[in-house]
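Examination of the molecular architecture
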Amino acid sequence: MEFFGLLDRNRIFILKLLQNSFVYKFMIFNVLSKKEATFKEIEGYFSFTFPEDYKSFLTKYNGVNMEDYYVKVKDLDEEVLINNLFSTDNELNRSLTLMFWNHEYKEDIPEHSLLIGDFQDGAFLLLISEGENKGVYYYDHAYSFEQSDDDCNTYFLAETFSDFLDCIKQNV
């Protein structure tokens, strides 16, 4: 069960309960856009089908800033700080939009995938929606880590977007 609430004009919190009594996730983040999320232009232009869990997240929030949270990249044995989960709102600063980043990197990312966010180290969050590599990945396009090179710079994080959200931890 999830509860959502407004802390102030731009900040939302999520509280998840397990078996109606145990809190296992509490996140506070800034919403990037209050406009209704749109999907057809992105789906058509990038040949991408939005998974239902990610589409639901965008419908509720349409992009968020999450600077106080991180995920562990197991293959690198590193914790990386999340920056933004991009918005469908093209009226925002272009660095906050799905359309801008996916247009910029269209030739560099696999078919049926989308850059859906970024990290504070400059890497991207990559979502592959179909095929044998379906999942959410840390895409180290700038080779920030010593292990990254032309042959290996994309690291598995989670099977689904919902699983990715469950992997997020607060930086204290």
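Relevant structure appears above.
Residues numbered from 1 in each chain as written. Predicted model: local features only at pLDDT ≥ 70, side-chain atom pairs only at ≥ 80, totals over all residues. Heavy atoms only, no water.

1. Some details on the pattern of salt bridges
Opposite charge on two side chains makes pairing possible when the charged atoms of those side chains draw close. In this structure the tally under the stated criterion is two salt bridges. In this structure, Lys35 and Glu91 form a salt bridge, with 2.7 Å as the shortest nitrogen-oxygen distance. One end of the pair, Lys35, is in the loop between strand 3 (22-31) and helix 1 (40-46); the other, Glu91, is in the loop between strand 6 (78-85) and helix 3 (98-104), with 56 residues separating them in the sequence. You can call Lys35 partly exposed: its relative accessible area is 40%. Relative accessible area serves as the criterion here: at 67%, Glu91 is assigned to the exposed category. Where Lys72 meets Asp77, a salt bridge forms, and the shortest distance between an N and an O atom there is 2.8 Å. (Salt bridge = Lys/Arg side-chain N within 4 Å of Asp/Glu carboxyl O. Helix = DSSP H or I, 4+ residues; strand = E, 2+ residues; numbered from the N terminus. Buried < 20%, exposed > 50% of the residue type's maximum accessible area, 1.4 Å probe, protein only.)

2. Side note on the nonpolar core
Residues Tyr138 and Phe164 are the most contacted members of the largest nonpolar core, which totals 51 residues. The greatest single-element share of this core, amounting to five residues, is contributed by strand 8 (residues 124-128). Look past the residues within four positions of Phe164 in its chain and what remains in contact with it is Val71, Ile82, Leu85, Leu125, Val136, Leu157 and Ala158. (Core = buried A, V, L, I, M, F, W, Y, C linked by side-chain atoms within 4.5 Å. Contact = heavy atoms within 4.5 Å.)

3. Observations regarding the side chain of Asn84
Structurally, Asn84 is set in strand 6. Asn84 sits in the buried class, given a relative accessible area of 5%. Of the polar contacts made by the side chain of Asn84, one reaches the side chain of Asn65; its length is 3.0 Å. Setting aside its immediate chain neighbours within four residues, Asn84 contacts Leu32, Val64, Asn65, Leu96, Ile116, Gly117 and Asp118. (Polar contact = N/O pair within 3.5 Å; in protein donor to acceptor, adjacent residues only side chain to side chain.)

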